[in-house]
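Below, each chain spelled out in residue letters.
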Amino acid sequence: MPLDNQKLLDVRSVDAPANSLPADGHGHVRDLETYKAMWKESVENPDKFFGEQARNLLVWNRDFDQVLHKSANFVDSPAWFLNGQLNAAVNCVDRHALADPNRIAIIYEADEPGEGYTLTYGELLKKVCQLAQLLISRGVKKGDVVTIYLPMVPEAVISMLAVARIGAIHSCVFAGFSPGALRDRILDADSRVVITIDQGLRAGKVIEAKKIVDDALESCPDVQTVVVVERTGKGGLIPGRDIKYGEAGKFKPYCPAVPVDSEHPLFLLYTSGSTGKPKGMQHSTAGYLLGAALTAKHVFGLTPGDIMFTAGDVGWITGHTYAVYGPLINGVTTVIFESTPVYPTHTRYWDIVDKHQVTQFYVAPTALRLLRKYGHEEIEKYSLKSLRTLGSVGEPIAEEVWEWYFHNVGRGRCTICDTYWLTESGSILGTSFPGVTPMKPGSCGYPFFGIKPVLINPTTGVEVDERPAEGVLAIANPWPSMARTIWGDYPRYQDTYLRPFPGHFFTGDGAAMDHENFIFVAGRMDDVVNVSGHRLSTAEIEASFLEGKLDNEPMIVESAVVGIEDELTGQAIVAFVVLEGWLKDKIAAGEHTVSDMSREAIQVVRKDIGPFAAPKKVFVVGDLPKTRSGKIMRRILRKIVSGETDQLGELSTLSNPQIIDDLISTVQNSA
Ligand code: 6R9
């Protein structure tokens, strides 16, 4: 991630391929001038801009009488579309179901290829209405929080929309979180109803979802109802409390939706802060829906007939906004994928793209890094011609990975939308526009409509005006889909987001902007290492490792860099690396040594970034600690290298907690 001013100037600009421009006639941005004019209006006159967009893109039960209510100096969260009334399920389902009931809403790509099915908008409406009535029959009413603990199955989408249909609030918890983590989220939200599945299936393995719920509920006495989706038919029901999801079939196919106020909460989504307990980010109905609708339309160029495949889970925000709400509001088809990118083989994504003629593909770089190491022979056998836009989300994408994605998956025809945003933002903040804005590898492009990104000097708190420059990334104005509060804790919301740099929303990220105002996100501020006064992005060093070679072959699949305290330099860098298979074999056969590799790796960083960035130590490990959404948990690595193994903190958010012991012994054995 280039943060150095000179390097920023050197990043090459790639024209957005014209082929990815959506078909004309659907109100998309079609040239750079239009984008600029629309952006300008959106930040200078948000009332007019968003008022029009909200009336165009959403259906309302009652029109709003004011677009934006904001506090002076942006010290409070805003309210949008005051006194308007609408319903999210109506916006996502009814209007399309009534106009065109046979249009496909969901393509369910099950764990085993070939076992999925599709649901039309007409069928989706029926299922949503039936489940809504089941929930009502169990006492769920407007404003109640329903916890959804489901993997990527159509019932997850149906559940979210059924909850929203009756004005209740959904709280999706990733179906893989431990009983303890689930319990904390149920208790914090005071949720009385849980929707889950008997067993999940992922890459051929069984996930005991219902058992986890049962364990969690031992300490949640207020939960009165558990609705159980039958996936495998295994496992029992607790009489009085549990009810089969299939019981919904007893209800009639239509029930009216409950219109709610624009600011009524649509959902909570828990996300981890840098410290303390997870934050239940609370999103509004109208503002969130507009953000989802507008970004999905413009960033991915959605047009009627499109098939969008967001390979993220509903347990995190990408799944909410771009697997469910964004595509459905726009009336296109969404692919709900239950499995992993490597099941049954590493070509699963490409199978899906060709089989369903996917037009938009959206994934996190962590999956791309994994797939890239399989080379390009297999992928060349696929047509992938249906694709127009390729999204990336969740972490910075290294230039090598960007190039691989652009050429091998996109074949140079697709716009890469490196989309920067967060759970708190509800929808995309910065990105390329398909076929319109030029792209720079490693940059998440330009701000989306309504977003005024600024850089702030972290020491003085003053906005940095010159370009190129780096600083703390903040947003200088409220936007419709920003989270309104942390559930039950508005002071914490203000302290975390609005008070650190008064007048701005603090994203928590460090970033740079180049001379053309392209945004380069360096990563969370806690992932920035300061060595001898040089601020270094961990991502920058990690990207440079990917370039390292031995015998002319790439050595490193993936790495994580952390800063540790150092007497001389303030902080020093240590790296954890996962090696390519061929190198592991050679090391095992004694043809190479770990020190050959680490000497080379350090050399590349010295060359690429500067001697000050050279890691002090490189640890070879089998895997890196990651969250469910694929983010590397550097905090844990930092504790392990500092010997604070008794203070690793909350591990329930890890997807692979079993690797921790190996990491500790690798570090200790090399001491
Ligand atoms: C959508 C999502 C948010 C954090 C965010 C930032 C990182 C997300 C990024 C990116 C560089 C991108 N992040 N997108 N960094 N380039 N395109 O991921 O939400 O799970 O809340 O994470 O992810 O550090 O602050 P969330």
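- In the nomenclature of an unreviewed UniProt entry, the protein chain corresponds to Acetyl-coenzyme A synthetase from the organism Wickerhamiella sorbophila.
- The annotation that UniProt attaches to the protein chain under Catalytic activity (unreviewed entry) is "acetate + ATP + CoA = acetyl-CoA + AMP + diphosphate".
- Taken from UniProt, the Sequence similarities (unreviewed entry) comment for the protein chain reads in full: "Belongs to the ATP-dependent AMP-binding enzyme family."

## What about the overall build of the protein chain?
Step number 1: Of regular secondary structure, the protein chain possesses 20 helices and 35 strands.
Step number 2: The C-alpha atoms of the protein chain give 24 Å as radius of gyration, which agrees with the globular expectation for 671 residues (26 Å, within 12%).
Step number 3: Along the first, second and third principal axes, the C-alpha atoms of the protein chain reach 70 × 55 × 50 Å.
Step number 4: Looking at the protein chain as a whole, 61% of its 671 residues qualify as buried.
Step number 5: If you take every contact in the protein chain between residues at least 6 apart in sequence, the share linking residues at least 24 apart comes to 72%.
Step number 6: For the protein chain, the accessible surface area stands at approximately 24,700 Å², while carbon and sulfur atoms represent 50% of it.
Step number 7: For the protein chain, the distance from the average site of its 66 positive side-chain charges to the average site of its 82 negative ones is 4 Å.

## Quick word on the pairing of strand E8 (residues 193-197)
Step number 1: Among the five residues that make up E8, five are buried, leaving the element largely enclosed by the rest of the structure.
Step number 2: Summarising the sheet, strand E6 (residues 145-148) and E8 pair through three bridges and their orientation is parallel. Note on E8: the bridge partner recorded for valine 146 is valine 193.
Step number 3: With five bridges connecting them, E8 and strand E11 (residues 225-229) associate as parallel partners.

## Comments concerning the confidence of the model for the protein chain
Step number 1: Scored by pLDDT, the protein chain comes out at a mean of 93, with 97% of its residues at no less than 70.
Step number 2: Overall fold confidence for the complex sits at a pTM of 0.86, while the interface term, ipTM, reaches 1.00.

## Observations concerning helix H18 (residues 594-608)
Step number 1: With 15 residues, H18 should reach 21 Å at 1.5 Å per residue; the first-to-last C-alpha distance of 21 Å fits that figure.
Step number 2: Turning to H18, its buried residues are Asp596, Met597, Ser598, Ala601, Val604 and Val605.
Step number 3: Glycine 610 occupies a position one or two residues after H18 and carries a positive phi of about 140°.

## Focus: the sheet that holds strand E27 (residues 505-513)
Step number 1: The strand order across the open sheet formed by five strands is E24-E23-E25-E27-E28, and the pairing between neighbours is antiparallel. The open sheet terminates on both sides in strands that have one partner only, identified here as strand E24 (463-464) and strand E28 (519-524).
Step number 2: Strand direction decides the pairing type here: strand E23 (residues 453-456) and strand E25 (residues 469-475), joined by four bridges, are antiparallel. Bridging from a neighbouring strand, proline 453 pairs with isoleucine 475 of E25.

## Let's talk about the packing of aromatic side chains
Between two aromatic rings, the relevant description is the distance of the centres plus the angle of the planes.
Step number 1: By the definition in use, this model includes 36 aromatic pairs.
Step number 2: Residues tyrosine 322 and tryptophan 421 carry aromatic rings whose centres are separated by 5.2 Å and whose planes lie at 90° to one another, so their mutual orientation is edge-to-face. Separated by 99 residues along the polypeptide, tyrosine 322 in helix H10 (residues 317-329) and tryptophan 421 in the loop between strand E20 (415-419) and strand E21 (430-431) bring together distant segments of the chain.
Step number 3: Site record: aromatic cluster; members linked through ring pairs are Tyr35, Phe49, Phe50, Trp60, Phe64, Trp80, Phe81, Phe433, Tyr446, Phe448, Phe449 and Phe518.

## Notes on the pattern of salt bridges
Step number 1: Enumeration according to the criterion identifies 35 salt bridges in this entry.
Step number 2: Measuring nitrogen to oxygen at the nearest pair gives 2.8 Å for the salt bridge that ties aspartate 495 to arginine 499.
Step number 3: Residue classification places arginine 499 among the partly exposed residues on the basis of a relative accessible area of 47%.
Step number 4: Ionic pairing is found between lysine 639 and glutamate 644, a salt bridge with its closest N-O pair at 3.2 Å.
Step number 5: Taking relative accessible area as the criterion, lysine 639 reaches 23% and is therefore assigned partly exposed.

Calculation notes
Residues numbered from 1 in each chain as written. Predicted model: local features only at pLDDT ≥ 70, side-chain atom pairs only at ≥ 80, totals over all residues. Heavy atoms only, no water. UniProt positions renumbered as here; feature names shortened; annotations may be inferred. Helix = DSSP H or I, 4+ residues; strand = E, 2+ residues; numbered from the N terminus. Rg over C-alpha atoms; globule rule 2.2 N^0.38 Å. Buried < 20%, exposed > 50% of the residue type's maximum accessible area, 1.4 Å probe, protein only. Contact = heavy atoms within 4.5 Å. Areas by Shrake-Rupley, 256 points an atom, 1.4 Å probe, with all protein chains shown as cover. Lys, Arg positive; Asp, Glu negative; His and termini not counted. Charge placed at Lys NZ, Arg CZ, Asp CG, Glu CD. Pairing = 2+ DSSP bridges. pLDDT = per-residue confidence, 0-100. Expected span 1.5 Å × (residues − 1). Phe/Tyr/Trp six-rings, centres within 6.5 Å; stacked < 30°, edge-to-face > 60°. Salt bridge = Lys/Arg side-chain N within 4 Å of Asp/Glu carboxyl O.

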